[in-house]
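Architecture and fold: a report
Here is what each chain is made of, one letter per residue.
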Amino acid sequence: MNLGYACINLTLQHECKITTNRGMIQRTFREKGIQYASQLALQNVRDLLDIVRWNEDHGVGLFRVSSDVFPWASEYRLHQLPDFAEIREYLEAIGRTSVRLTTHPGPFNKLAGEGATLQNTFSDLEHHSEVFDYMGFMPSHHNKINIHVGGAYGDKAGTLLRFARNFTTRLSDSLKKRLNLENDDKPGLYTVAELMPLYEAIGTPIAFDYFHHSLHPGGLSEREAFELAISTWTDATPVCHYSDSRRTYEDPTARREAHSDWVYNFIQTYGSDVDIVMETKMKELSLLKYREQFLMPQSSPVLSD
DNA sequence: CGGGGTCAAGTCTCG
DNA sequence: CGAGACTTGACCCCG
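Calculation rules
- What you see as residue numbers is a count from 1 along each chain, following the sequence as written.
- To label them, take the chains in the order written and letter them from A, then take the ligands in the order written and number them from 1.
- Reporting in this predicted model follows two pLDDT cut-offs: at least 70 for local features of residues, and 80 or more for side-chain atom pairs to be given and counted; totals over whole chains, interfaces and linings ignore these cut-offs and use all residues.
- Only hydrogens and water are set aside when side-chain values are computed; all heavy atoms of the structure are taken into account.
- Secondary structure elements are defined from DSSP: runs of H or I of at least 4 residues count as helices, runs of E of at least 2 residues count as strands, and each element is numbered from the N terminus.
- Partly exposed describes any residue whose relative accessible area lies between the buried limit of under 20% and the exposed limit of over 50%, with all areas from a 1.4 Å probe on protein chains only and scaled to the type maximum.
- Contacts between residues were defined by any pair of non-hydrogen atoms, one from each residue, lying within 4.5 Å.
- Calculation of accessible area relied on Shrake-Rupley with a 1.4 Å probe; when residues are assessed, cover is drawn exclusively from the protein chains displayed.
- The positive count covers Lys and Arg only, the negative count covers Asp and Glu only, and His and the chain ends enter neither.
- For this purpose, a charge sits on NZ of Lys, CZ of Arg, CG of Asp or CD of Glu.
- Each residue is tested against the molecule or strand, and it is near if at least one of its non-hydrogen atoms lies within 4 Å.
- Distance and chemistry together define a polar contact, namely a pair of N or O atoms within 3.5 Å, with one atom able to donate a hydrogen and the other to accept it when in protein, and with adjacent residues in sequence counting only for side-chain atoms on both sides.
- When residues are sorted by character, Ala, Val, Leu, Ile, Met, Phe, Trp, Tyr, Cys and Pro go into the nonpolar class, Asp, Glu, Lys and Arg into the charged class, and all the rest, Gly among them, into the polar class.

Scanning chain A from N- to C-terminus turns up 12 helices and 8 strands. If you line up chain A on its principal axes, its C-alpha atoms span 60 × 50 × 40 Å. Counting only residues that meet the buried cut, chain A has 52% of its 305 residues in that class. Counting contacts in chain A only where the partners sit at least 6 residues apart, residues at least 24 apart contribute 75% of the total. As displayed, chain A has an accessible area near 13,900 Å², and 51% of this comes from carbon and sulfur atoms. Averaging the locations of the 31 positively and 40 negatively charged side chains of chain A gives two centres separated by 5 Å.

With that settled, the discussion passes to unusual backbone geometry. Backbone geometry places Tyr-270, a non-glycine residue, at a positive phi of 50°. Here Tyr-270 shows up in the loop between helix 10 (246–249) and strand 8 (275–278).

Taken together, 21 residues lie near DNA strand C, and Thr-28, Asp-68, Gly-106, Pro-107 and Arg-255 sit nearest. Across the atoms of DNA strand C situated within 4 Å of the protein, the share located in sugar and phosphate is 67%. Between Thr-28 and DNA strand C, the recorded distance is 2.4 Å, taken from a side-chain N or O atom to a phosphate oxygen. Separating a sugar or linking oxygen of DNA strand C from a side-chain N or O atom of Arg-64 is a distance of 3.4 Å. Counted by class, the surface near DNA strand C contains 4 nonpolar, 9 polar and 8 charged residues.

Here is the structure:
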């Protein structure tokens, strides 16, 4: 099992200002254009390599790449960036590491949407796939591009049909082989069971999100939903997302959907081999702490006393 | 250089 | 019915 975390390494961020999400507001992009976007992207990929190598050095075999590495990516093609040759070398170096890289494009991606929304979704998702191409990854769910269905539009079944049609007819083959779905935390959206027909229609595996499931289980036990979800991964080790509840463990006034800073419970995988992305606010720190608390026998209170 | 207002996109839910 | 959240607070201006 690989444990991983998402987008930010707090240790490197605080010690060396290493981050991958340099960006700019729209006005700055209008004023400075692709030239400046290229400079920021170059710094971002350089730092991404440092973060991925840090992960390797610390036995962290899974990492979610931020979607902010290329600022305003929808406004240009990667090969048009003035610094592209150098950027590409960094992407290739990142791809040669042993860390399993995944990504999670933003909530504006609506593959069941229409018009400009749908066009923007195609462009953003293909961008994520292209970055993985430059990293040298064969298209598969080993390097997943994880999204939510993104809305129900008052008609869950019809929305899934539109999603499946757009997936089948409008996406590149590489993207199709990388895209996967995730269960939602809101009652109006999709449980693992509700995503199964979509998986059966178009083959998009389901990343099981423990916390979302706890908020919106749809009649299945955690074990049932977990096992259903991991049964959909046929070309790669299943990925699950984990967080505890901030409201339960850290702040009774927090929203019920808020993620915790740390992990407080042993992550039950029911005997299956899965990879787990920790979606906790303390990032790699919560991962290191979890490993010490729950995975290293010598630190168990029972044995060390 | 620190603090605060502001910031692309869509949809849903909370307050 | 508007603000806040979502995978992630950071940018940018002003004092």
